[in-house]
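The residues making up each chain are set out below.
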Amino acid sequence: MINGIDMKRIPQHIAIIMDGNGRWAVEKGKERSFGHQAGVETVRRITSECVRLGVKYLTLYTFSTENWNRPATEVQALMGLVLSSLEDEIFMKNNVRFQVIGDLKRLPQEVQDKLQETMAHTAKNDAMTMVVALSYSSRWEITEACRQIALEVAGKVKNGEQVDIENLITEDVLSKHMNTSFMPDPDLLIRTGGELRISNYLLWQIAYSELYFCDTYWPDFSEEDLQRAILSFQKRQRRFGKTEQQVEENK
Ligand code: IPE
Ligand code: IPE
Ligand code: MG
């Protein structure tokens with residue numbers, strides 16, 4: 001037990017909507033990008049804490065498709081931060097594998113190269129996988145998956161193959177065509193910064209995730225805040241549509 005946390009029931013996959021950087025900075029009379037910079041420090045702390053607690057996947061919403069609509073100066077500052085924060089030290093020190101999801105072709109070439117390099121360098125690390133969602137939105141991801149499946153089906157039709165739509169298009173097939181196909185669905189989704197919305201993040205994958213919202217701005221989100229979220233998760237009974245009694249009986 002760490003601070004009351006049951007180490008045998010740690011969520012395998014935690015997804016985080018890291019929100020509140022801008023407001024954190026503005027309240028201090030600083031530029032919004034100062035908040036983003038402080039947010040990178042929180043990523044380091046929370047990554048180490050997740051590894052320490054035995055979390056296997058940490059998925060961080062870093063830049064959404066909709067965030068492309070922010071002022072160019074802020075987008076540039078964010079891209080610069082992504083580049084500078086992808087130093088290997090944080091991954092190698094914690095034995096963390098780095099992965100990325102999103103529409104990467106929209107990112108500056110320099111950022112794309114650094115992402116590929118970091119993924120290659122950390123590919124053998126196995127304590128935890130950290131997934132950064134960049135230029136990502138769930139509707140983009142689902143639309144892409146549908147396009148891919150449609151192309152595959154069209155290819156079969158063209159080749160004169162028998163197409164069995166019932167089996168070609170299933171929930172499992174859709175999941176396998178998602179950008180996130182390499183990881184399990186999140187057990188726990190945390191949003192910092194006080195907003196009670198999902199903002200186009202992992203809509204398909206969070207069908208049965210436990211949701212946790214807190215007012216703390218991301219730069220102030222501490223290891224204790226993470227522990228509080230995990231404790232809240234551990235107090236809940238996940239029923240997946242069954243009755244309380246059924247779940248108790250199957251324990
Ligand atoms: C989250 O913080 C980080 C990104 C979306 C890039 P925000 O920049 O959204 O901060 P607030 O919500 O304006 O405070
Ligand atoms: C969601 O935050 C995206 C990220 C944290 C990367 P936003 O600040 O962009 O969300 P909205 O626009 O307030 O819903
Ligand atoms: Mg925000």
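The notes below deal with the structure included here. Predicted model, so just to flag it, every value in this text is computed and none were measured. (Residues numbered from 1 in each chain as written. Chains lettered and ligands numbered in written order. Predicted model: local features only at pLDDT ≥ 70, side-chain atom pairs only at ≥ 80, totals over all residues. Heavy atoms only, no water.)

Taking strand neighbours across the sheet as the criterion, the 6 strands line up as 3-4-2-1-5-6 in an open arrangement whose pairing is parallel. In the strand order of this sheet, the two ends are held by strand 3 (96-101) and strand 6 (210-213), each with one partner. Along the sheet, successive strands turn relative to each other by an average axial angle of 20°, direction set aside. The sheet contact formed by strand 1 (residues 13-17) and strand 5 (residues 188-191) spans 4 bridges and is parallel. Paired with Ile17 across the bridge in strand 5 is Arg191. (Pairing = 2+ DSSP bridges. Helix = DSSP H or I, 4+ residues; strand = E, 2+ residues; numbered from the N terminus. Axes fitted to C-alpha atoms, helices over the stretch in contact; angles between N-to-C directions.)

In this fold, Asp187 is placed in the loop between helix 8 (171-176) and strand 5. Setting aside anything within four residues of it in sequence, one finds Asp187 in contact with Pro11, Gln12, His13, Ser209, Glu210, Phe233 and Arg238. (Contact = heavy atoms within 4.5 Å.)

With that settled, the discussion passes to the site of ligand 1. Around ligand 1, the neighbouring residues are Met18, Asp19, Gly20, Asn21, Gly22, Arg23, Arg32, His36, Thr62, Asn67, Arg70 and Leu78. Gly22 is positioned such that a nitrogen or oxygen atom in its backbone is 2.9 Å from an oxygen atom of ligand 1. One nitrogen or oxygen atom from the main chain of Arg23 is found 2.7 Å from an oxygen atom belonging to ligand 1. Protein burial of ligand 1: of its 370 Å² of free accessible surface, 87% is covered by the chains. When residues of the shell around ligand 1 are traced back to their parent elements, those giving at least two are helix 1 (21-27) and helix 2 (32-53). The element best represented in the shell around ligand 1 is helix 1, accounting for 3 residues. (Near = heavy atom within 4 Å. Polar contact = N/O pair within 3.5 Å; in protein donor to acceptor, adjacent residues only side chain to side chain. Areas by Shrake-Rupley, 256 points an atom, 1.4 Å probe, with all protein chains shown as cover.)

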